[in-house]
Amino acid sequence: MKLTPEQRIQLHGFNNLTKSLSFNMYDVCYTRTREEREAYIAYIDEQYNSDRLTKILNTVSEIIGAHVLNIAKQDYEPQGASVTLLVSEGPIVGGPNESFEESPGPLPDSVVMHLDKSHITVHTYPEYHPNEGISTFRADIDVSTCGEISPLKALNYLIHSFDTDIMTLDYRVRGFTRDINGHKLFIDHDINSIQNYIPKEECLLYDMIDVNIYQENVFHTKCKLKQFDLNNYLFGYTKDSLSTKEQEEITRRLKTEMDEIFYGKNIRS
């Protein structure tokens, strides 16, 4: 059923729908030596430490109009960090009209949404293969909301907050709410694809695959960068310092790594 701000259904009490967005991003790098691998991990740990991640999640809460009730954050040894925000309903002016539109959310220059009660979390996983010279960084962000606003409105900002080669996106609406006549509503907004919440100029940069279960209100999108420039995957040097054969072999390893992450399976060379 198509819902517009003018056709909003009067509910019986609070909107009990739970909407959850999982945003998983991957950065891939080739590091030739143990020292380079350790330097890459140290760089990632510095770039995405718990303080910076807290700022990112605070901005997410602003975009969806939430009040932060509590922050728990931790940097781990030897690497990685976690941040959890407990949030509650924020002040709103008028109705959250944009929540009815299947379109990208705002960057942090305006706040027009609200959140009733839920949480936002992030965990990071820097790691490297001991033998193959491949280092990867993964960040998992979960935004779970109750009420009218979809956490997908924070997706545009999250994409702009990380340098990502591959993204795996999951969105699910759980539970139900009731209108004043007791009729159950299992979703309160139209959604065809998570891709519609990503700006078109960003979509053009990625190969994208959807796996959606519409009758269960479960949506899944995978994204992998189309263009490949070897210089973007070398840590501390450029491809000019490599022979043509070395460039070809490193390119093969990197593309295999990204394909394996994208398709979720090991691929034989």
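The notes below deal with the structure included here.

Conventions and cut-offs
- Residues numbered from 1 in each chain as written.
- Predicted model: local features only at pLDDT ≥ 70, side-chain atom pairs only at ≥ 80, totals over all residues.
- Heavy atoms only, no water.
- 1 Å grid on protein atoms, 1.4 Å probe; cavity = no way out; pocket = protein on both sides within 12 Å on 5 of 7 lines; lining within 4 Å.
- Points joined across faces, edges and corners; volume = space filled by probe spheres on them.
- Helix = DSSP H or I, 4+ residues; strand = E, 2+ residues; numbered from the N terminus.
- Nonpolar A, V, L, I, M, F, W, Y, C, P; charged D, E, K, R; others polar.
- Phe/Tyr/Trp six-rings, centres within 6.5 Å; stacked < 30°, edge-to-face > 60°.
- Buried < 20%, exposed > 50% of the residue type's maximum accessible area, 1.4 Å probe, protein only.
- Pairing = 2+ DSSP bridges.
- Core = buried A, V, L, I, M, F, W, Y, C linked by side-chain atoms within 4.5 Å.
- Contact = heavy atoms within 4.5 Å.
- Expected span 1.5 Å × (residues − 1).
- Polar contact = N/O pair within 3.5 Å; in protein donor to acceptor, adjacent residues only side chain to side chain.

1. Things to note about the layout of surface pockets
Over the atoms, a rolling probe the size of a water molecule traces out where space has been left empty.
Here is step 1: The computed volume of the largest pocket comes to approximately 580 Å³.
Here is step 2: Considering the residues around the largest pocket, the lining is formed by 29 residues, among which Asp27, Asp163, Thr164, Asp165 and Leu225 are closest to the centre.
Here is step 3: Looking at the lining of the largest pocket, the elements that each hand over two or more residues are strand 1 (18–30), helix 1 (34–47) and helix 3 (155–161).
Here is step 4: Among the elements that line the lining of the largest pocket, the one with the most residues is helix 1, at four residues.
Here is step 5: The residue makeup of the lining of the largest pocket, split by class, is 16 nonpolar, six polar and seven charged.

2. Concerning the packing of aromatic side chains
Here is step 1: All chains considered together, the criterion is met by 10 aromatic pairs.
Here is step 2: Measuring from ring centre to ring centre gives 5.7 Å for tyrosine 40 and phenylalanine 235, while their planes differ by 85 degrees; the resulting arrangement is edge-to-face. In this pair, tyrosine 40 sits in helix 1 while phenylalanine 235 sits in the loop between strand 10 (218–225) and helix 5 (244–263), placing the two residues 195 residues apart along the sequence.
Here is step 3: The exposure class of tyrosine 40 is buried, given its relative accessible area of 2%.
Here is step 4: Since its relative accessible area comes to 23%, phenylalanine 235 is described here as partly exposed.
Here is step 5: On the numbers, 5.0 Å between centres and 15 degrees between planes, the contact of tyrosine 48 with phenylalanine 137 is stacked. Note that tyrosine 48 is positioned in the loop between helix 1 and helix 2 (50–63) and phenylalanine 137 in strand 5 (residues 134–146), a separation of 89 residues in sequence.
Here is step 6: You can call tyrosine 48 buried: its relative accessible area is 7%.

3. Digging into the pairing of strand 5
Here is step 1: Strand 5 sits mainly inside the fold: 11 of its 13 residues count as buried.
Here is step 2: Pairing of strand 1 with strand 5 involves 13 bridges; the strand directions are antiparallel. Residue phenylalanine 23 lies in a different strand from strand 5, and its bridge partner there is isoleucine 141.

4. As for the nonpolar core
Across soluble globular proteins, you tend to see nonpolar side chains buried next to one another.
Here is step 1: In this structure, Phe23, Leu155 and Phe162 are the most contacted members of the largest nonpolar core, which totals 46 residues.
Here is step 2: The element that contributes the greatest number of residues to this core is helix 2, accounting for five residues.
Here is step 3: Ignoring sequence-local partners within four residues, the contact set of leucine 155 consists of Leu21, Phe23, Leu169, Ile194, Tyr197 and Ile198.
Here is step 4: Counting residues in each nonpolar core, the second largest holds 14 residues, with Ile134, Leu230, Tyr233 and Met258 among its members.

5. Some thoughts on helix 2
Here is step 1: End to end, helix 2 covers 20 Å across 14 residues, agreeing with the expected 20 Å (1.5 Å per residue, within 8%).
Here is step 2: At the N-terminal boundary of helix 2, the capping side chain belongs to asparagine 49, with an oxygen 3.1 Å from the backbone nitrogen of aspartate 51.

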